[in-house]
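Close look at the chain arrangement
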Amino acid sequence: MTATPKRYAHFIDNRAAEAGDGGTIPVMDPSTGEIFAEIARGSAAEINRAVTSARLAYDGASVADGAWGRFSALERGRVLRRWADAVDAHAEELAQLESRDTGKPLRQARADAAALARYFEFYSGAADKLHGQTLPYQAGYTVFTVREPHGVTGHIIPWNYPMQIFGRSVGAALAAGNACVVKPAEDACLSLLRAAELAAGCGLPAGALNIVTGLGPEAGQALAEHPGIDHISFTGSTVTGKRVAQAAAEHHCPVTLELGGKSPQIVFADADLETALPVLVNAIIQNAGQTCSAGSRVLVERPIYDAVLERLAEKFRALVAGPASADLDLGPLISPRQLQRVGAYLHEARAQQIHVLAQGSIASDAPAGGCYQVPVLLADVPAGHRLAQEEIFGPVLAVTPFTSEVDAVRIANGTPYGLIAGVWTGDGARQMRLARVLRAGQVFINNYGAGGGVELPFGGVKASGYGREKGFEALYGFTTLKTVAVRHG
Ligand code: TXE
C-alpha cells in the first residue's frame, strides 16, 4: 500500500502557512517515480503576504520587536552562525530530504548540506566586515559612502542545487541586512522549507525569511512583478531569466541573473592527463550533468585527440546511473520533462550522425519509474552544432578537436554563453594568456570547479547572466551604495 503523501506548507512569518485557493502540487521521487509528498501551490496572494511580512521585519522599530532591519551587523552575523551550526547538526536529515526530492546521489546531497552550512558560516563572518569608504573631495568637505541593504529581496531558486543556491543567495542577502522572500523550484523545495524552520529556532525574527512554494509562471512571476521587492536574484534558464528581468524592470528593480552555460575545458598536448581525465568526466556527470557550470564541452589539441577520446570512452563505459540511495556514479534526472529534453538532443545527435563514441549504463535494479539517462560521450562534434552550443543539462559530453591556441580560444568563446572555463596545460605563459582572453566569469587552470567554491565570486557574461553570487563580492550585489557629502568648512 502506498503511504499518503506528506503535505508541506509555505513558510511565512516563521510559521507554516497552509495552501490557499491554489491547492497543492505533487512531489515526485525521481529515483522511483513515486509521489511521496505535496507542496502548496502559491499564487500572487501568498507572495503578497510574504512580501508584507518581510517589509514589516525590515521596517520594524526595534530589535526587541524582532525588526531584522534594526539588527546590527554583528547580531546578524551571530544569527547566521547559529543557523550554520543548526544546519550542520541536521545535515544528514537535510541530505536525505534533498536526495529523495532531486534524485541526487547521497554523497552529493551530503556535500550540498555541508555547503549550505558553510555559506552561512562564511556570511556570518562577513556581515560586520562590509563597509564604505571615505573619499577625497573639495577642501572643507568630508565625504563617505555607506553600504545599505536593498530592503526586501526576492530569490528565485532552481531545482538542481536547492541548498547550495539558497545558501549563497539568502546567506549573503541576510548578512547584508535584507529581508527575503524565496520562491524555490516546484521540482525541489523540501530541504529549504526544513532549513527555514531551523532558522526560526536560531533567532532569525519572523518575516526576515519567507518561502512561498509554487509554479514559476504563477508564484515566480508574481514575485518578479511585485512592486514591494527591491532586488531579485534569479538562477535558472536564459529564457526565464529574461522574463524575470523584464518584469522587474517594470518597477525599477535590480536583478542578478545566473543562467547556466556551455562551459569548455581546453586540453593542450602538454597537459597532465592523469590529473585531467577524472576531472573532465566528473565535471559532466556530477549531478547527472544538471549543473550550471558543468564542463559540457571538452576541446582537445589534435596530437593527443585520439588518445584522450579513447581514455574518456573507457571511463564513460564504466559509469553507472541508479537510484539516489545507491550512491552510484550518477542518479536520475530531476523529472520526466528533463529526461525528455535531454533525450531530444540525443535523438538529434543520432539522426545527424554525430559520433556516439561511448555510453554508460543504468543499474539493472533501478526502478522502472525513475528518470534515468545513461551518460553519453559524443566525439567530433562540430563547434557550431547545437550539441556544442546549447545547454543540454544532462550527462552528455561533446568533444571537439582544435589545432592551435588561437583555434581553441575561438571555439571556447564561440557560444552564446560565458559562465566558466577550464584550461589544462603545463605552459605558464599560455595559462596566463588564456586566463585573460577566455570570456567567462571564472577560469580554472589545471583544475575545474563545477559548482564549488563558497569564497569564489561566481556568475557569467553574455547569455550566462550578470552580477555575481558567492564570496564577499555577493555582498556588494545585495547592498546599494549611498554617498554622504558633509560641508563643514
Ligand atoms: O528552468 P526555469 P527549468 C536550465 C537548464 C534546464 C532549463 C529549463 O538548461 O534544462 O533551464 O529548466 C522559476 N517567473 N537551467 O524549466 O524555468 C521556476 O519555478 C518567475 C539552468 O526548470 O528557468 C524555478 O524556480 N520565475 C539552471 C526557476 O524559475 C519563474 C538551473 C528556474 O526555472 C518563471 C535550472 C517565471 N515566469 C535550469 N518561470 C542553472 N543556471 O543552474 C519559471 N520560474
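Residues numbered from 1 in each chain as written. Predicted model: local features only at pLDDT ≥ 70, side-chain atom pairs only at ≥ 80, totals over all residues. Heavy atoms only, no water.

What to know about the overall build of the protein chain
Let me state the cut-off plainly: Helix and strand labels come from DSSP, where a helix needs a run of H or I of at least four residues and a strand needs a run of E of at least two; each type is numbered from the N terminus. Radius of gyration here is computed from C-alpha atoms only, and the compact-globule reference equals 2.2 Å multiplied by the residue count raised to the power 0.38. When accessible area is computed with a 1.4 Å probe and restricted to protein chains, residues below 20% of their type maximum are described as buried, those above 50% as exposed, and intermediate ones as partly exposed. Two residues form a contact once any of their heavy atoms are found within 4.5 Å. Accessible surface is estimated by sampling points in the Shrake-Rupley manner with a 1.4 Å probe; for residues, cover comes only from the protein chains shown. Counting rule for charge: Lys and Arg are taken as positive, Asp and Glu as negative, and neither His nor the chain ends is counted. Where a charge lies is defined by one atom per residue type, namely NZ (Lys), CZ (Arg), CG (Asp) and CD (Glu).
Assigned secondary structure in the protein chain consists of 15 helices and 23 strands. Here the C-alpha atoms of the protein chain give a radius of gyration of 23 Å, agreeing with the 23 Å that 2.2 N^0.38 yields for 489 residues. Along the first, second and third principal axes, the C-alpha atoms of the protein chain reach 75 × 70 × 40 Å. Taking all 489 residues of the protein chain together, 56% fall into the buried category. Expressed as a percentage of contacts within the protein chain between residues at least 6 apart in sequence, the contacts between residues at least 24 apart total 74%. When the accessible surface of the protein chain is totalled, it reaches about 18900 Å², and 53% of it is carbon and sulfur. Taken as two groups, the 43 positive and 48 negative side-chain charges of the protein chain have centres that lie 4 Å from each other.

Observations concerning the packing of aromatic side chains
Filter applied, for reference: Each aromatic pair joins two rings of Phe, Tyr and Trp (for Trp, the six-membered one) with centres within 6.5 Å, and gets the label stacked for planes under 30 degrees apart, edge-to-face for over 60, and tilted for any other angle.
Scanning the model with the defined rule gives nine aromatic pairs in all. Between tyrosine 137 and tyrosine 141, the aromatic rings sit 5.1 Å apart at their centres with planes inclined by 90°, giving edge-to-face as the arrangement. Owing to a relative accessible area of 52%, tyrosine 137 belongs among the exposed residues under this scheme. The rings of Trp83, Phe120 and Phe166 are connected pair by pair, giving a single aromatic cluster.

Overview of the site of the ligand
Operational definition: Throughout, the term near means that a residue has one or more heavy atoms lying within 4 Å of the molecule or strand in question. Nitrogen and oxygen atoms within 3.5 Å of one another constitute a polar contact, given that in protein one can donate a hydrogen and the other can accept it, and given that sequence-neighbouring residues count only through two side-chain atoms. Three classes are used: nonpolar for Ala, Val, Leu, Ile, Met, Phe, Trp, Tyr, Cys and Pro, charged for Asp, Glu, Lys and Arg, and polar for all others, with Gly counted as polar. Each domain span listed reflects an automatic or database assignment of domains.
In the neighbourhood of the ligand, 29 residues make up the surrounding shell, with Trp159, Lys183, Glu186, Ser237 and Glu391 lying closest. Interatomic distance of 2.9 Å between a side-chain N/O atom of threonine 240 and an oxygen atom of the ligand. At 3.2 Å from an oxygen atom of the ligand is found a side-chain nitrogen or oxygen belonging to arginine 341. Secondary structure elements with two or more residues in the shell around the ligand: α7 (216–225), β11 (231–235), α8 (238–249) and α11 (336–351). By residue number, the principal contributor to the shell around the ligand is α7, which donates four residues. Grouping the constituent residues of the shell around the ligand by class yields twelve nonpolar, ten polar and seven charged. For the shell around the ligand, the two domains that each supply at least three residues are domain 1 (6–259 + 467–483) and domain 2 (264–454).

Focus on the packing of helix α4 (residues 106–126) against helix α5 (residues 162–175)
This is how it is decided: Between N-to-C directions, angles cover 0 to 180 degrees, with each direction set by a line fitted to C-alpha atoms, over the stretch in contact for helices. An angle counts as roughly parallel when it lies under 35 degrees, as roughly antiparallel when it exceeds 145, as roughly perpendicular when it falls between 65 and 115, and as oblique in every other case.
Two elements in contact, α4 and α5, have axes separated by 8 Å at closest approach and are oriented at 10°. By the criterion of interaxial angle, the relationship of α4 to α5 is roughly parallel. Taking contact as the criterion, the partners of Gln108, Ala109, Asp112, Ala113, Ala115, Leu116, Tyr119, Phe120 and Tyr123 in α4 are, on α5, Met163, Gln164, Phe166, Gly167, Arg168, Gly171, Ala172 and Ala175. Partitioning the contact of α4 with α5 into residue classes produces eleven nonpolar, four polar and two charged.

Quick word on the sheet that holds strand β6 (residues 134–135)
The criterion, for reference: Should DSSP find at least two bridges between two strands, the strands are taken to pair.
Pairing in this open sheet of three strands is antiparallel, and the strands run β6-β7-β23 from one edge to the other. The open sheet is flanked by β6 and β23 (479–487), the only strands paired with a single partner. In this structure, strand β7 (residues 141–149) lies alongside β23, joined through nine bridges in antiparallel fashion. Across the sheet, the residue bridging to threonine 142 is valine 486, located in β23.

Considering the side chain of glutamate 46
The condition is simple: In what follows, salt bridge is the name for a side-chain nitrogen of Lys or Arg lying within 4 Å of a carboxyl oxygen of Asp or Glu.
Summarising the element assignment, glutamate 46 is placed in helix α1 (residues 44–59). No salt bridge is formed by the buried glutamate 46; the nearest opposite charge belongs to arginine 49, separated by 5.1 Å. Of note is the side chain of glutamate 46, whose polar atom sits 2.7 Å from the backbone nitrogen of serine 43. Setting aside chain neighbours within four positions, we find glutamate 46 in contact with His10, Ile12, Gly20, Arg41 and Val212.

In short, geometric facts, not functional conclusions.
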